[in-house]
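Fold and geometry: a report
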Amino acid sequence: MKILVTGGAGFIGSAVVRHIINNTQDAVVNVDKLTYAGNLESLAEIEDSARYVFEHADICDGEAMARIFATHQPDAVMHLAAESHVDRSITGPAAFIETNIVGTYVLLEAARKYWSQLDETRKAAFRFHHISTDEVYGDLPHPDDVPAGEPLPLFTETTPYSPSSPCSASNASSDHLVRAWRRTYGLPTIVTNCSNNYGPYHFPEKLIPLIILNALAGKPLPVYGNGEQIRDWLFVEDHARALYKVVTSGTAGETYNIGGHNERKNIDVVKTICAILDDVIENKPEGISHFDQLITYVTDRPGHDLRYAIDANKIKEDLGWVPEETFESGIRKTVHWYLNNQAWWKRVMDGSYAGERLGLTD
């Protein structure tokens, strides 16, 4: 099987590519524009595999997408290329509209035209798997606001969409496009919506790597508002396993929610990281004896969602997937990965990796 993965140099995308090459006999065509968050060094361990091909291309480029489909003849698409940082969407929403909405449209059209000319056997087996987020659902009540004795509400596959930010609104738009291409044209699509991912190779602007790296540098650890916002944390390698299970065994037309069963307040996530660093780092930055002394509360993000929580029973019952990592095991692995891979994140933070990989440096 040959799988075309868009955004395969990104955080989740690179985990998917590594999983497929390291654990299956399938081939991967990685299509990535290599924006600020795309890093081919995250794929160094598999880049020499005969089953791996990289295509430097933008999903908004229709001619490039048509060429890639015609050249590589994929059996499935896993669409992960997206702008995903909420703060960036607030200050610069245009990029989110372009990539997440226009890019998904262009890719859908390229896939539809390619799929329509396949023979009946390959046509029936083809899948267009769109990887999305639980942020499209809006947010859920905080446990403190749920009456005693009532179950805490969770996002299900039928939860109405109610996005709060330009980022989640563009994600919701792309989900709707994918489902419309199935209903209108018959393209065999699948949608998955995941909870917050964390783990190795995460771009340092996101909460967990930001806290780790700021702590190591003795910088403030910024926490929005009071830090009471709750997220369901999913270890990225668990997510990669789930996504491969969906694209190979999922039913066309279905939606699957993927969650880690690990609800944590943001402030508790930060304090957990601080406690792990306290245990493993003897020589702490000057002026502190415990890393939680660096915690700094900052003005909350506009429209900040209060709580996300996934009901992942469907993917468990239909496809047999459950996460292998608890938050405690996954966060410890993540902290140790950043401690042991300083060359990777230092080059990400100074931007040197990007230019060298694209041949743009002297």
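No experiment lies behind these values; they were computed from the predicted model shown. Each residue is numbered by its place in its chain's sequence as written, counting from 1. In view of the model being predicted, local features appear only for residues whose pLDDT reaches at least 70, and side-chain atom pairs are presented and counted only at 80 or more, with totals across whole chains, interfaces and linings using the full set of residues. In computing side-chain properties, one takes all heavy atoms of the structure into account and sets aside hydrogens as well as water.

Here, any two strands with at least 2 DSSP bridges between them count as paired. For the purposes of this entry, the term helix denotes a DSSP run of H or I that reaches at least four residues, the term strand denotes a run of E that reaches at least two, and both are numbered from the N terminus. On the basis of which strands lie adjacent, the open sheet formed by three strands has the order β7-β9-β11 and mixed pairing. Strands at the two margins of the open sheet, each flanked by one partner only, are β7 (196–198) and β11 (263–265). Across the sheet, the mean angle from the axis of one strand to that of its neighbour is 50°, orientation sign disregarded. Here β7 runs beside strand β9 (residues 230–235); their pairing, made up of three bridges, is parallel. Directly across from tyrosine 198, in β9, lies its bridge partner phenylalanine 235. In this analysis an axis means a line fitted to C-alpha atoms, helices contributing only their contacting stretch, and an angle means the value between N-to-C directions, from 0 to 180 degrees.

Attention shifts here to helix α2 (residues 62–72). Within α2 the residues assigned to the buried category are Ala64, Met65, Ile68, Phe69 and His72. Along the axis of α2, the buried positions cluster into a sector of 130°, meaning they face one direction only. In α2, the exposed positions that point more than 90 degrees away from the buried face belong to Glu63 and Ala70. Between two residues, a contact is recorded if the distance between any of their heavy atoms is within 4.5 Å. Residues of α2 that are buried make contact with β1 (2–6), β2 (27–32), β3 (52–56), β4 (76–79) and α4 (94–116). Phi turns positive, to about 50°, at glutamine 73, one or two residues after α2. For every residue, the accessible area obtained with a 1.4 Å probe (protein chains only) is divided by the maximum for its type, and the residue is called buried under 20%, exposed over 50%, and partly exposed between those limits. The directions from the helix axis to the C-beta atoms are what the arc is built from.

Bringing the pattern of salt bridges into the picture now. Here the idea is simple: oppositely charged side chains can pair when their charged atoms come close. A side-chain nitrogen of Lys or Arg and a carboxyl oxygen of Asp or Glu constitute a salt bridge if their distance falls within 4 Å. One pass over the full model with this rule turns up 13 salt bridges. The closest approach of N and O atoms between lysine 333 and glutamate 325, which form a salt bridge, is 2.4 Å. With a relative accessible area of 13%, glutamate 325 lands in the buried category. The structure contains a network of salt bridges with shared partners spanning Asp238, Arg241 and Glu324.

Attention now goes to the nonpolar core. In plain words, nonpolar cores are sets of buried Ala, Val, Leu, Ile, Met, Phe, Trp, Tyr and Cys residues tied together by side-chain atoms within 4.5 Å. Counting residues in each nonpolar core, the largest one holds 44 residues, and the members touching the most others are Met78 and Ile315. Listing elements by their share of this core, those giving two or more residues are β1, α1 (11–23), β4, β6 (189–194), α8 (236–249), β10 (255–258) and α10 (313–319). Non-local contacts of isoleucine 315, meaning those with residues more than four positions away in its chain, are made with Ala242, Val246, Tyr256, Asn257, Ile258, Gly320 and Trp321.

This part covers unusual backbone geometry. Unusually for a residue other than glycine, glutamine 73 sits at a positive phi of about 50°. For glutamine 73, the location among the structural elements is in the loop between α2 and β4. Positive phi outside glycine occurs at histidine 261, with the angle close to 55°. Within the fold, histidine 261 resides in the loop between β10 and β11.

Summarising burial for β9: six of the six residues are buried, a large majority. Here β9 shows a buried face lined by Ile230, Asp232 and Leu234 and a second buried face lined by Arg231, Trp233 and Phe235. Bridge count for β9 against β11 is three bridges, and the pairing is antiparallel. Considered in β11, the bridge of aspartate 232 is made with glutamate 263.

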